[in-house]
Amino acid sequence: MAATLKLLQSGLAVLARPVKTWNRPLHLQIEPTTVCNLKCSFCVREKNVFRPKSLTLEQFQSVFAQVRPLRVTFAGDGEPTLAPDIWKMVAHAKAGGARTIITSNWTIGPRIAETAIESGLTALRVSIDAATASTYVAMRKADYHGVIIEGIRRLQALKKERGVCEPDVGFEYVLGRDNLHEMQQVIDLASDLGVCRVNFRPLNLVGIEEREQELLGGMTREQYREALAAAHRHGQARKVATNLEEVIALLPFYEVRYTPQFNPEKRSPDCIYPWVQVYVAVDGKVTPCCALQMDEKVSLGNMFEDGFDSVWNGKPYRKMRSDTVKRRIEYKSCITCEGRGLGKVASLAFRTPGFLKKPDAPGAGRG
């Protein structure tokens, strides 16, 4: 009943779009650590993190109690599974009635697969970005591809052995020049490993604009389009779910968003995140999504200092909602984002395994 009421309140808030809202966010994105064991070519972490630190269990419990979300995603500038208290956090969120998701590089997967299951984790999204070890090294600057595959196989085997379906496993695949040719292969890998879905992510250049040539140089629009279309057909043939239909539909936008012909004055996307979602960084800073904090270091308040209620309806948040309604958002992360309107979020909710499902229900085989 409580969950239904929260959904109803949030639905009404999305429709009414008040500057000062009466509902609480349904989704909490939280950064459990800024520690990471990789130096990926497309990451902004090296510009943002100078003294890595981790969230304590007590801090997470305080955040969770104040936000009271139905869904928690653990992600940020660091690798979540390296946070000392991560599995206690997951278990606490599950005990509080929330579905839990970790976006991970899964480089220590073989060691933590059993713990991930026992924690009650709902979904694992593995940032893999390659079908082969050589391409993984080009993207992630370290050779962990075989270890990641081993960790996924162990997790899937343990689930089968114990007769459980969670956490369901998905792939995240950031699209760049060095891995465009392996899209179909990673779909085959997903099928082989029992991975429920592959999400292909067009590269986000906010904060790393100077690396555009290094990451995308020499790749034509025609090559990009053909690779996406071929992978889409391949995914359908292999019966592996992907988001390629959406990516292909948005190609006209993706192709110009970082070019001189892109006119930001004519672009302010529809977004419902200021009413239904919150991102909390490891130092307590709050924004509607991770991109604003990670890529542009935006902060609409600090819940460790002021408390969540003061931030959620504080002056900066009210301005953010007002600017969103008026389509006057000035942040580059928002202007170059495809947007998260009501229709898109609803579509994702019904098409993505684990998105709407109850915490105890069976699961399916740069977010």
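A few points on the structure. Note that this is a predicted model, so its numbers are computed, not measured. (Residues numbered from 1 in each chain as written. Predicted model: local features only at pLDDT ≥ 70, side-chain atom pairs only at ≥ 80, totals over all residues. Heavy atoms only, no water.)

## Regarding the pairing of strand E5 (residues 168–175)
Counting buried residues in E5 gives 8 out of 8 residues, a clear majority hidden from the surface. Side chains of E5 alternate between two faces, with Asp168, Gly170, Glu172 and Val174 and Val169, Phe171, Tyr173 and Leu175 buried alike. As defined by bridge partners, strand E4 (residues 123–127) adjoins E5 across 5 bridges and the pair is classed as parallel. Bridge pairing in E5 places Ser127 opposite Glu172. When E5 meets strand E6 (residues 197–202), the two strands line up parallel, connected through 6 bridges. (Buried < 20%, exposed > 50% of the residue type's maximum accessible area, 1.4 Å probe, protein only. Helix = DSSP H or I, 4+ residues; strand = E, 2+ residues; numbered from the N terminus. Pairing = 2+ DSSP bridges.)

## Notes on the packing of helix H8 (residues 183–193) against helix H10 (residues 221–238)
H10 packs onto H8 with a crossing angle of 20 degrees between their chain directions and a minimal axis gap of 9 Å. When the axes of H8 and H10 are compared, the pair comes out roughly parallel. Judged by the twist between their axes, the crossing of H8 over H10 is right-handed. Contacts between H8 and H10 involve Met183, Gln184, Ile187, Asp188 and Ser191 from the former and Ala227, Leu228, Ala230, Ala231, His234, Gly235 and Arg238 from the latter. Grouping the constituent residues of the contact of H8 with H10 by class yields 6 nonpolar, 4 polar and 2 charged. (Axes fitted to C-alpha atoms, helices over the stretch in contact; angles between N-to-C directions. Parallel < 35°, antiparallel > 145°, perpendicular 65-115°, else oblique. Left-handed = near helix turned anticlockwise from the far one by under 90°. Contact = heavy atoms within 4.5 Å. Nonpolar A, V, L, I, M, F, W, Y, C, P; charged D, E, K, R; others polar.)

## Some thoughts on the state of the cysteines
By definition, a disulfide links two cysteine residues through a covalent bond between their sulfur atoms. Enumeration over the complete set of coordinates arrives at 0 disulfides. No disulfide involves Cys36; its sulfur sits 6.2 Å from the nearest other cysteine sulfur, which is in Cys40. Here Cys290 stays free of any disulfide, with the sulfur of Cys289 as its closest cysteine sulfur at 5.6 Å. (Disulfide = S-S within 2.5 Å.)

## Re the sheet that holds strand E3 (residues 99–104)
Spatially, 9 strands are ordered E7-E6-E5-E4-E3-E2-E1-E8-E9 in an open sheet, and the strand pairing comes out mixed. Both edges of this open sheet fall to strand E7 (241–242) and strand E9 (286–287), since each of them pairs with a single strand only.

## Some remarks on the layout of surface pockets
Quantified by volume, the second largest pocket comes out at close to 400 Å³. What lines the second largest pocket is a set of 15 residues, among which Glu212, Leu216, Met219, Tyr254 and Glu255 lie closest to the centre. Looking at the lining of the second largest pocket, the elements that each hand over two or more residues are helix H9 (212–216) and H10. A breakdown of the residues in the lining of the second largest pocket according to their chemical character gives 8 nonpolar, 3 polar and 4 charged. (1 Å grid on protein atoms, 1.4 Å probe; cavity = no way out; pocket = protein on both sides within 12 Å on 5 of 7 lines; lining within 4 Å. Points joined across faces, edges and corners; volume = space filled by probe spheres on them.)

## Structural notes on the packing of helix H4 (residues 86–95) against helix H5 (residues 109–119)
Each pair of packed helices can be described by the angle between their axes along with the distance between the axes. Following both chains from N to C, one finds H4 and H5 inclined at 20 degrees, their axes separated by 9 Å at the closest point. As summarised for this structure, H4 and H5 are arranged roughly parallel, according to the angle between their axes. Crossing of H4 against H5: the hand is right-handed. Between H4 and H5, the residues in contact are Trp87, Val90, Ala91 and Lys94 and Ile112, Thr115, Ala116 and Ser119, respectively. For the contact of H4 with H5, a count of residues per class yields 5 nonpolar, 2 polar and 1 charged.

## Side note on helix H1 (residues 2–16)
Taking 1.5 Å of rise per residue, the 15 residues of H1 would be expected to cover 21 Å, and the 21 Å separating its terminal C-alpha atoms lies within 8% of that figure. Within two residues after H1, Arg17 carries a phi angle of roughly 50 degrees, on the positive side. (Expected span 1.5 Å × (residues − 1).)

## Description of the packing of aromatic side chains
As enumerated under the stated definition, the model contains 6 aromatic pairs in all. Judged by centre distance (5.2 Å) and plane angle (65 degrees), the ring pair of Tyr173 and Phe200 falls under edge-to-face. Placement of the pair is Tyr173 in strand E5 and Phe200 in strand E6, with a sequence separation of 27 residues. Residue classification places Tyr173 among the buried positions, given a relative accessible area of 0%. Each residue in the set Phe60, Phe64 and Phe74 is aromatic and connected to the rest through ring pairs, giving one cluster. Taking NZ or CZ as reference, Arg17 lies 5.4 Å from the ring centre of Trp275, over its face. The aromatic ring of Trp312 is capped on one face by Arg321, whose charged end is 4.5 Å from the ring centroid. (Phe/Tyr/Trp six-rings, centres within 6.5 Å; stacked < 30°, edge-to-face > 60°. Lys NZ or Arg CZ within 6 Å of the ring centre and 35° of its normal.)

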